Amino acid sequence: MSVIRWPRVLTPTLLSQILKKQKSPVKALRLFDQAKERFPSYNGHNGSVYATMISILGKSNHILEMKHVIEKMKEDSCECKDTVFASVISTFSRAGRLDDAISLFKSLHEFNCVDWTLSFDTLLQEMVKESEFEAACHLFRKYCYGWEVSSRIRALNLLMKVLCQVKRSDLASHVFQEMNYQGCYPDRDSYRILMKGFCLEGKLDEATHLLYSMFWRISQKGSGEDIVVYRILLDALCDAGEVDEAVEILGKILRKGLKAPKRCYHHIEAGHWEGTSEGRERVKRLLTETLIRGAIPSLDSYTAMATDLFEEGKVVEGEQVLLAMRRKGFEPTPFIYSAKVKALCKARKLEEAVSVINKEMMEGHCLPTVAVYNVLIKGLCNEGKSIEAVGYLKEMSKHVSCVANKETYQTLVDGLCGDGRFVEASQVMEEMVIKSFFPGVETYNVVIKGLCAMNQRYEAVMWLEEMVSQDMVPESSVWYALAESVCFGAVDVVEVLEHLVSSKC
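A brief report on the enclosed structure follows.

Turning next to the pattern of salt bridges. Within this structure, the stated rule accounts for 27 salt bridges. The closest approach of N and O atoms between glutamate 201 and lysine 203, which form a salt bridge, is 3.4 Å. Glutamate 201 gets classed as partly exposed once you look at its relative accessible area, which sits at 25%. Among the salt bridges present, the one from glutamate 312 reaches arginine 231, with a minimum N-O distance of 2.9 Å. Taken together, the residues glutamate 312 in the loop between α16 (299–311) and α17 (315–327) and arginine 231 in helix α13 (residues 227–239) connect sequence positions 81 residues apart. For arginine 231, a relative accessible area of 4% translates into the label buried. When salt bridges with common partners are traced through the structure, they connect Arg192, Arg231, Asp235, Asp308, Glu312 and Lys314 into a single cluster.

Below, the structure written as structure tokens:
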């Protein structure tokens, strides 16, 4: 058992640091409760200490204990940040307790929290995720006008997105038009959501009018970022066989939407195009190329265009954007490379994805970030190449600015377990725990059962001891696997199990 090195004078900052170092959330809670008794001069917990304790309990799925701490925070009436409640709402939702999330939000007026915007947006998003559309609309109507919700744009965009998903772009259009009366203005995401909704329902006339409205609402300076919205309509027109209409609208986009130089106007002319799907795809590529050439060069516009194309799986077109931005003196960012690696992994082009990190980023003097590595590692694990993915964990350690995080380790452990490599998963998990990234109860259960199946009894029992030390309760199948394995095992394993059962369970 580790010894707590208490300071002479306890402050909220020091207490937060002590709590974060505890492997067991139950022990952390005990220290949290005993602080005032141990240090009479301690002035009490502030919002930061409560946020730390709530985060620890939430991540370890100690829901009841977390609710108890939230109640104490309300009684102390200390200043609370909106991010704390947003995190709790997400935790409740993951645990299948959406009613608790709704109840907490409705009681926020009882806490010392003046801004509910993030909590409001998070709760609406979780309700939509659970298909609670009517309840989400009711919640929006009730709380959107309050002064506690400082910005409504994200909530309104989410509402529009839901309506478009259920093919009610007509209602989404009403929401769009009502934004002015809600004290906010449509942003690029608003136009993108509604444009996609119109095009999916084949309402191309409405989509065209929406595009024209962009010219004087958000495109007055010719922003290249707007291309992600323009492309939706142009592609939809091509898919509907309205190629000439698409070419005509492209000219207006270049003149009014992008304020492009005149040399860009004549790259495509209306005419007779092949009616085949291949012909339409060729036209769509030409339209995209023209938009890229016509956009005013900026890092933001190139980033928006490239990531949008990579997200759609259009690697060739996305690569054209990278070439164009390099010609203009801009270098792709790690965010763009991450989108490219993800697109290549999705297309099962793993060798090319690896080449992006090992060659392309290095030649561009762009150091890979942990986010880029995580995308590649996940792609390799999804294709059953978890052992190869482990090599990139070692590769990351060579970069000073690139440190593996919990997502890195969790992805590797899950991938190795999925490939039946439980010994290697145990080794990665050992490094994970040393770095103070603690797996969830499900990960422990899978690894222990896998080690038992491979006759790695001692390692399985050691992980059981680690699990119990964190006050986690193994599921019954873990005990069955251990019992079956121990029947064929050594006496020392039996002795360790007996010690665990007598002292912890």
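Looking now at the packing of helix α4 (residues 63–76) against helix α5 (residues 82–94). Angle between the axes and distance between the axes: these two values describe a pair of packed helices. The contact between α4 and α5 brings their axes to 12 Å, and the two run at 155°. Here α4 is positioned roughly antiparallel relative to α5, judged by the angle of their axes. The way α4 lies across α5 gives a crossing that is left-handed. Contacts from Ile63, Met66, Lys67, Ile70 and Met73 in α4 reach Phe85, Val88, Thr91 and Phe92 in α5. Of the residues in the contact of α4 with α5, the class split is 7 nonpolar, 1 polar and 1 charged.

Turning our attention to unusual backbone geometry. You will see that serine 77, though not glycine, has its phi angle at about 55°, which is positive. Topologically, serine 77 is positioned in the loop between α4 and α5. For serine 77, a relative accessible area of 45% gives the class partly exposed. Of note in this structure, lysine 167 is not a glycine but carries a positive phi near 60°. With respect to the element layout, lysine 167 can be found in the loop between α9 (153–165) and α10 (169–178). What makes lysine 167 exposed here is its relative accessible area of 59%.

Next up on the list: the side chain of glutamate 126. Among the structural elements, glutamate 126 can be located in helix α7 (residues 117–129). Discounting chain neighbours no more than four positions away, the residues touching glutamate 126 are Ile89, Ser90, Ser93 and Leu98.

Structurally, the position occupied by threonine 117 is in helix α7. According to the relative accessible area criterion, threonine 117 is buried, its value standing at 11%. Those residues in contact with threonine 117, other than ones at most four positions away along the chain, are Asp82, Glu148, Val149, Ser150 and Ser151.

Our next topic: the environment of asparagine 374. The residue asparagine 374 is located in helix α20 (residues 370–382) in this model. Asparagine 374 sits in the buried class, given a relative accessible area of 5%. Between the C-alpha atom of asparagine 374 and that of serine 338, which follows or precedes it by 36 residues, the distance is 9.0 Å. Not counting chain neighbours up to four residues away, the residues in contact with asparagine 374 comprise Asn405, Glu407 and Thr408. Engagement of the side chain of asparagine 374 in a polar contact is seen with the side chain of asparagine 405, the distance being 3.3 Å.

Next up on the list: the packing of aromatic side chains. This model, assessed by the stated rule, comprises 11 aromatic pairs. Each ring, one from tyrosine 409 and one from phenylalanine 437, has its centre 6.0 Å from the other, and the planes form 35°; the classification is tilted. Residue tyrosine 409 is found in helix α22 (residues 406–418), and its partner phenylalanine 437 is found in the loop between α23 (422–434) and α24 (441–453); the two are separated by 28 residues along the sequence. You can call tyrosine 409 buried: its relative accessible area is 1%. Seen from their ring centres, tyrosine 444 and tryptophan 463 are 6.1 Å apart, and the 55° between their planes marks the pair as tilted. Note that tyrosine 444 is positioned in helix α24 and tryptophan 463 in helix α25 (residues 457–469), a separation of 19 residues in sequence. A network of ring pairs unites the aromatic residues Phe105, Trp116, Phe120, Phe140 and Tyr143 as a single cluster.

What counts and what doesn't
Residues numbered from 1 in each chain as written. Predicted model: local features only at pLDDT ≥ 70, side-chain atom pairs only at ≥ 80, totals over all residues. Heavy atoms only, no water. Salt bridge = Lys/Arg side-chain N within 4 Å of Asp/Glu carboxyl O. Buried < 20%, exposed > 50% of the residue type's maximum accessible area, 1.4 Å probe, protein only. Helix = DSSP H or I, 4+ residues; strand = E, 2+ residues; numbered from the N terminus. Axes fitted to C-alpha atoms, helices over the stretch in contact; angles between N-to-C directions. Parallel < 35°, antiparallel > 145°, perpendicular 65-115°, else oblique. Left-handed = near helix turned anticlockwise from the far one by under 90°. Contact = heavy atoms within 4.5 Å. Nonpolar A, V, L, I, M, F, W, Y, C, P; charged D, E, K, R; others polar. Polar contact = N/O pair within 3.5 Å; in protein donor to acceptor, adjacent residues only side chain to side chain. Phe/Tyr/Trp six-rings, centres within 6.5 Å; stacked < 30°, edge-to-face > 60°.

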